[in-house]
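# Architecture and fold: a report
Listed below, chain by chain, are the residues.
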Amino acid sequence: MDRETRVFAESHFRGLRGRLPSEVCPTPDRVDFIEKPDSFSYTDFFKSYLLPNVPCVFSSAFTEDWGSRKHWVTPSGKPDFDYLLQNYGDVVVPVANCGVQEYNSNPKEHMPLKDYISYWKEFIQRDYSSPRGCLYLKDWHLCRSPFHADIFRSFSWSVNICGRKKWFFFPPGQEEALRDCHGGLPYDVTAPEFLDSHLHPVLEVTQEAGEMVFVPSGWHHQVHNLEDTISINHNWVNGCNLANMWHFLQQELCAVQQEVSEWRDTMPDWHHHCQVIMKSCSGINFEEFYQFLKVIAERRLLLVKKISPGELQCSEDSGLGLQHTIFDISRIAEVLASVVVNPDFQRVDTSRFLPQPEDLLQQLQEALATTEPL
């Protein structure tokens, strides 16, 4: 990241005035397709897709040198079962049954990959049917992925090593129109009652072999495999969507508090129990979110080294560069400032936290003051 990009990004977030990008950024009417790696930089991606939080698709040219595309696929473009069995056959993998709905998800079991591949071969031979139902292996989706937004409002990318997928994207907030009387989201947005695009704006994308889909923060989506498919997926949080994650966690806690509100006056340590329930349901609570911020903040602070008054340099082996490090520090500082004044966080026992949240925030702010002229 260069200085111009950092200034551009900081101006973008100042313009939000505490709002989320989904509340101010216009919804695109199509998903951009990025054709050539040589003419598309990280700065282009950062400005055009990460900051405005909109999806895009990268062509297969971006992944043509991936080893998985060479070794996991036959010359005819199908999964290479022999290679997968030879190299990963004994690995125990989680497998979900797409044909059974368990609340808003699917029941899961674990099995060796060799057993799953045996099932997959039989599934193909039976014209894509089986008495065991339609099973899929973790992120190597065999059929479809229920309507959802990615964990903690993270960004994600998904590359088709082989096969084709159809994606249905709903911009943040549009999923609210799909909730039932109990507040639940539909399992399948392609069901007949949800096909009115005027009521439920949706962006559709067909992803071909080798292509990469960028999934923005908080965009609910559903994915259907159109043929035998293997995909690799990755989720991440950075300075662009850190505030989205914090907003999501506040919503999660609020939902828990509403569910157990009738016991508020009779349950000792009610607020603590809400945090316990939140961790059980969401996988993280406010204490762990602070620890997450702390780890990233301290790493970023270590990357900037004071070499003279008002002058900093970034550790050369960081891979980030000084401007990107400053940007991250500014985003962590803004979110942490919101965390420390949050009434529910103030009820968390932080007596054993090192450093204390306020002290860490001060370190971040001092670093920013030093880097301001850079």
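It should be noted that the structure appears before, not after, this text.
Residues numbered from 1 in each chain as written. Predicted model: local features only at pLDDT ≥ 70, side-chain atom pairs only at ≥ 80, totals over all residues. Heavy atoms only, no water.

### A closer look at the overall build of the chain
- Counting its secondary structure elements, the chain contains 12 helices and 14 strands.
- Classification of the 374 residues of the chain by burial places 46% in the buried group.
- Of all intrachain contacts in the chain linking residues separated by at least 6 positions in sequence, the fraction that spans at least 24 positions is 74%.
- As displayed, the chain has an accessible area near 19300 Å², and 50% of this comes from carbon and sulfur atoms. (Helix = DSSP H or I, 4+ residues; strand = E, 2+ residues; numbered from the N terminus. Buried < 20%, exposed > 50% of the residue type's maximum accessible area, 1.4 Å probe, protein only. Contact = heavy atoms within 4.5 Å. Areas by Shrake-Rupley, 256 points an atom, 1.4 Å probe, with all protein chains shown as cover.)

### Looking at the packing of aromatic side chains
- Taken as a whole, this structure holds 26 aromatic pairs when the rule is applied.
- Their ring planes at 70 degrees and their centres at 5.0 Å tell us that F58 and F62 sit as a pair that is edge-to-face.
- F58 sits in the buried class, given a relative accessible area of 7%.
- Overall, F62 belongs to the partly exposed group, its relative accessible area being 26%.
- Between F155 and W236, the ring centres sit 5.5 Å apart and the planes meet at 50 degrees, which makes this aromatic pair tilted. In this pair, F155 is assigned in strand β7 (residues 155-162) and W236 in strand β12 (residues 230-236), connecting sequence segments 81 residues apart.
- Residue classification places F155 among the buried residues on the basis of a relative accessible area of 0%.
- Through a chain of ring-to-ring contacts, three or more aromatic side chains come together here, namely F40, F45, Y49, F58, F62, F155, F214 and W236.
- For R331, the ring lying beneath its charged end belongs to F13, and the centroid distance is 3.7 Å. (Phe/Tyr/Trp six-rings, centres within 6.5 Å; stacked < 30°, edge-to-face > 60°. Lys NZ or Arg CZ within 6 Å of the ring centre and 35° of its normal.)

### A few points about the nonpolar core
- Of all hydrophobic cores here, the largest spans 51 residues; its most connected members are F45, Y49, F58, Y116, F169, F214 and C240.
- The element contributing the most residues to this core is helix α6 (residues 113-125), with 6 residues.
- Once you skip the residues sitting within four places of it in the chain, F45 turns out to touch F40, L50, C56, F58 and F214. (Core = buried A, V, L, I, M, F, W, Y, C linked by side-chain atoms within 4.5 Å.)

### Re the pairing of strand β11 (residues 220-225)
- Burial of β11 is extensive: 6 of the 6 residues sit out of reach of the surface.
- Both faces of β11 are covered, namely the face carrying H220, Q222 and H224 and the face carrying H221, V223 and N225.
- Taken together, the 6 bridges between strand β8 (residues 165-170) and β11 define a ladder with antiparallel strand orientation. Counterpart to F168 in the pairing with β11 is Q222. (Pairing = 2+ DSSP bridges.)

### What about helix α3 (residues 42-50)?
- Taken residue by residue, α3 has F45, F46, Y49 and L50 as its buried positions. One side of α3 holds all its buried residues, which, seen down the axis, span an arc of 115 degrees. (Arc of directions from axis to C-beta.)

### Description of the sheet that holds strand β3 (residues 92-97)
- Overall, antiparallel pairing links the 3 strands, which are arranged β4-β3-β5 in an open sheet. The open sheet terminates on both sides in strands that have one partner only, identified here as β4 (108-112) and β5 (135-137). Within the sheet, the average angular offset between the axes of one strand and its neighbour, ignoring direction, is 40 degrees.
- Sheet topology note: the β3/β5 ladder contains 3 bridges and is antiparallel. From the neighbouring strand, A96 faces β5, where its bridge partner is Y136. (Axes fitted to C-alpha atoms, helices over the stretch in contact; angles between N-to-C directions.)

### Here we look at the sheet that holds strand β1 (residues 32-34)
- Read from one edge to the other, the open sheet built from 5 strands follows the order β1-β2-β10-β7-β12, with strand pairing classed as mixed. Each edge of the open sheet is held by one strand with a lone partner, namely β1 and β12. Each strand axis lies, on average, 20 degrees off the axis of its neighbour in the sheet, ignoring direction.
- As paired elements, β1 and strand β2 (residues 56-58) share 3 bridges and run parallel to each other. Within the sheet, the bridge partner assigned to F33 lies in β2 and is V57.

### Details of the environment of V7
- Tracing the backbone shows V7 in helix α1 (residues 3-16).
- We classify V7 as partly exposed; its relative accessible area is 33%.
- With 320 residues separating them in the primary sequence, V7 and F327 have C-alpha atoms 8.7 Å apart.

### Some thoughts on the side chain of S217
- Its place among the elements puts S217 in the loop between β10 (212-215) and β11.
- One polar contact links S217 to N244, side chain to side chain, over a distance of 2.9 Å.
- If sequence neighbours within four positions are ignored, S217 has contacts with N53, R153, S154, F155, P172, N241 and N244. (Polar contact = N/O pair within 3.5 Å; in protein donor to acceptor, adjacent residues only side chain to side chain.)

### Points about the packing of helix α7 (residues 242-259) against helix α8 (residues 270-282)
- One can describe the packing of α7 onto α8 by two numbers: an axis separation of 9 Å at closest approach and a directional angle of 115 degrees. The way α7 lies across α8 gives a crossing that is right-handed. Note on element contacts: α8 touches α7 through W270, H271, C274, Q275, I277, M278 and S282, opposite L249, E252, L253, V256 and Q257.
- Of the residues assigned to the contact of α7 with α8, the class counts are 7 nonpolar, 4 polar and 1 charged. (Left-handed = near helix turned anticlockwise from the far one by under 90°. Nonpolar A, V, L, I, M, F, W, Y, C, P; charged D, E, K, R; others polar.)

### Describing unusual backbone geometry
- Cis geometry marks the peptide bond from L354 to P355, where omega comes out at -5 degrees.
- Structurally, P355 is set in the loop between α11 (343-346) and α12 (357-371).
- Phi at D127 takes a positive value of approximately 60 degrees, unusual for a residue other than glycine.
- Assignment of secondary structure puts D127 in the loop between α6 and β5.
- One non-glycine residue with positive phi stands out, namely R153, at about 60 degrees.
- Within the fold, R153 resides in the loop between β6 (144-148) and β7.
- Residue R153 is classed as buried on the basis of its relative accessible area of 18%.

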